[in-house]
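What follows is the residue order along each chain.
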Amino acid sequence: MMTLKRPTIGPLISVTVAVVLGTYFAFSAVQGEYGILRRVQIEAEIEAKRAERDDLRVQVDRMANLTHRLSDDYLDLDLLDARAREVLGAMRSDEIVIR
């Protein structure tokens, strides 16, 4: 008489655990906290912040130039006149204002 052997369940469990762990680690590598997609997002944020920093540097340089031109050591009369007109709303009697 021939007897049938039942397949052992141990290898099936170990293969299932290996597949589940492999899937988990693959998912974490792609979408986890330190995954590929997060890295791409961080690099995009870094590039945006660098562009913002460069814009702020341009503004600071412009303000430093204007401040220097209005300082006691170097006075630009045209700039002083333009600022006074802008702040005080003043104009000369021979000017025409179009709004």
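Quick caveat, the model's predicted, so the values are computed rather than measured. (Residues numbered from 1 in each chain as written. Predicted model: local features only at pLDDT ≥ 70, side-chain atom pairs only at ≥ 80, totals over all residues. Heavy atoms only, no water.)

### So, the pattern of salt bridges
Enumeration over the complete set of coordinates arrives at six salt bridges. Among the salt bridges present, the one from E52 reaches K49, with a minimum N-O distance of 3.9 Å. With E52 and K49 both in helix α2 (residues 36–69) and three residues apart, this pair spans about one turn of that helix. The class of K49 is exposed, set by a relative accessible area of 56%. A salt bridge links D76 to R69, with the nearest nitrogen and oxygen atoms 2.5 Å apart. In this structure D76 comes out as buried when scored by relative accessible area, which is 16%. (Salt bridge = Lys/Arg side-chain N within 4 Å of Asp/Glu carboxyl O. Helix = DSSP H or I, 4+ residues; strand = E, 2+ residues; numbered from the N terminus. Buried < 20%, exposed > 50% of the residue type's maximum accessible area, 1.4 Å probe, protein only.)

### Points about a nonpolar patch on the surface
Taken together, I9, L12, I13, V17, L21, Y24 and F25 make up a surface patch of nonpolar side chains, about 740 Å² in accessible area. Checked against the element boundaries, L21 lands in helix α1 (residues 10–31). (Patch = residues over 30% accessible without salt bridge, like charges linked within 9 Å, V, L, I, M, F, W, Y side chains within 5 Å. Areas by Shrake-Rupley, 256 points an atom, 1.4 Å probe, with all protein chains shown as cover.)

### Describing the side chain of D76
Tracing the chain through its elements places D76 in the loop between α2 and α3 (77–88). For D76, the side chain forms a polar contact with the main-chain nitrogen of D78, separated by 3.3 Å. (Polar contact = N/O pair within 3.5 Å; in protein donor to acceptor, adjacent residues only side chain to side chain.)

### Structural notes on the confidence of the model for the chain
Looking at the chain, the pLDDT average stands at 88 and 97% of residues meet or exceed 70. Within the chain, α3 has the poorest average pLDDT of any element, 83, and α2 the best, 95. (pLDDT = per-residue confidence, 0-100.)

### What to know about the environment of G10
Tracing the backbone shows G10 in helix α1. Using a relative accessible area of 41% as the deciding quantity, one classes G10 as partly exposed. Considering only alpha carbons, one finds G10 and V97, 87 residues apart in sequence, at a separation of 92 Å.

### Here's the deal with α3
The end-to-end C-alpha distance of α3, which contains 12 residues, comes to 16 Å, matching closely the 16 Å that a straight helix rising 1.5 Å per residue would cover. Taking the backbone nitrogen of D78 as reference, a side-chain oxygen 3.3 Å away marks D76 as the first, capping residue of α3. (Expected span 1.5 Å × (residues − 1).)

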